[in-house]
Amino acid sequence: MDRRAAVRQEFSRTAEAFTRRTRDRYRGLGVVEFARSRPGERVLEVGAGSAGFLKHFTEAGLAVALDLTPAMLELGRREHPWIACVVGDGGQLPFATARFDLVASALAFHHLPDPLPVLREMARVSRGRVLVVDQCAAEDPDQAATQTRLERLRDPTHAVSRPASAYRDLLGAAGVAVLDERLVEHRARLDRWITPEEFPAERIRAVLEFVEHEAEGTGMGFRREGGGWTYVRRILMLLGTVAAG
Ligand SMILES: C[S@@+](CC[C@H](N)C(=O)[O-])C[C@H]1O[C@@H](n2cnc3c(N)ncnc32)[C@H](O)[C@@H]1O
């Protein structure tokens, strides 16, 4: 099965449970302020899913959610009818050059083996800012690779766990100048990341076994706590401006 079809299948299967689990993921992170977003702006999110991130841009003049998976967009549309939904691929955005003031992507780049063409498209359709939000792996390449292996056990459509330096390099390669950077870290429970309502039992078993034997190697700060595991969840926010913006 081709990668896009696999992503669509995975997120169609998990759409409802994913949306419930991640509902408050961005609450309190100040994403709108960090993005320097002003009322009335035109905002696009690539890989917007059910709009858990985009829903915070309530004062946008136009908010567009683009995603490969119609089932995810459908949930977003139901809860946030003010958001326009477009089914599409981040590598080929069906929008005119410089159409948006802000083009964001949150927690989608780790699904992309080669994110540069997507970032270039995001920069093309922005007349101002580009924002990339994603999980942030350790700078040590072995630890980042071990995190990638763990993530793929949980979700085979996970492509690569990248450190902050890789994201900075990507922005540079796409002609986007970094304006601001923020790393948000908090300790999270492993059992909330692999809930049985969202993931098949064999994947949960494989993750637990991996953590049991290779937790140290991930650089994710795994610790036994209260009868289970906790780890440090790291979210990177990188804001840039397009060269001509
Ligand atoms: C982990 S979800 C994140 C959804 C949302 N941004 C959020 O933070 O709640 C990743 C989303 O990226 C979408 N996606 C993956 N590859 C994509 C691509 N090449 N083009 C557009 N969307 C893609 C998936 O369909 C999925 O909805």
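Here the structure is a predicted model, which is why all the values come from computation and not from measurement.

(A) Just the overall build of the protein chain, in detail. On a plain count of helices and strands, the protein chain comes out with seven helices and eight strands. The C-alpha atoms of the protein chain give 17 Å as radius of gyration, which agrees with the globular expectation for 245 residues (18 Å, within 12%). For the protein chain, the C-alpha atoms occupy an extent of roughly 50 × 35 × 35 Å along the three principal directions. Counting the 245 residues in the protein chain, one finds 38% classified as buried.

(B) Up close: helix H5 (residues 141-154). With 14 residues, H5 should cover 20 Å at 1.5 Å per step; its first-to-last C-alpha distance of 20 Å lies within 8% of that length. Taken residue by residue, H5 has Thr146, Gln147, Leu150, Glu151 and Leu153 as its buried positions. Projected onto a plane normal to the axis of H5, the buried residues spread over an arc of 155° and lie on a single side. On its buried face, H5 sits against helix H7 (201-214).

(C) Seen up close, the nonpolar core. Ala65, Val103 and Leu131 are the most contacted members of the largest nonpolar core, which totals 57 residues. Setting aside chain neighbours within four positions, we find Val103 in contact with Leu44, Val46, Met122, Val125, Ser126 and Val130. Counting residues in hydrophobic clusters, the runner-up holds eight residues, among them Ile194, Val207, Val211 and Tyr231.

(D) Spatial organisation of the site of the ligand. If you check the shell around the ligand, you find 20 residues, and the closest are Gly47, Gly49, Gly52, Thr69 and Gly90. Of the residues contributing to the shell around the ligand, the split by class is ten nonpolar, eight polar and two charged.

(E) Representation of the environment of Ala5 in the model. Locating Ala5 in the fold gives a position in helix H1 (residues 3-21). Looking at Ala5, the number of C-beta atoms within 10 Å reads 10, which means it is exposed. Separated by 152 residues in sequence, Ala5 and Thr157 place their C-alpha atoms 9.9 Å apart.

Definitions and limits used
- Residues numbered from 1 in each chain as written.
- Predicted model: local features only at pLDDT ≥ 70, side-chain atom pairs only at ≥ 80, totals over all residues.
- Helix = DSSP H or I, 4+ residues; strand = E, 2+ residues; numbered from the N terminus.
- Rg over C-alpha atoms; globule rule 2.2 N^0.38 Å.
- Buried ≥ 20, exposed ≤ 12 C-beta atoms within 10 Å, placed from the backbone.
- Expected span 1.5 Å × (residues − 1).
- Arc of directions from axis to C-beta.
- Contact = placed C-beta atoms within 7 Å.
- Core = buried A, V, L, I, M, F, W, Y, C linked by C-beta atoms within 7 Å.
- Near = placed C-beta within 6 Å.
- Nonpolar A, V, L, I, M, F, W, Y, C, P; charged D, E, K, R; others polar.

Any functional reading would require information beyond the geometric quantities listed.
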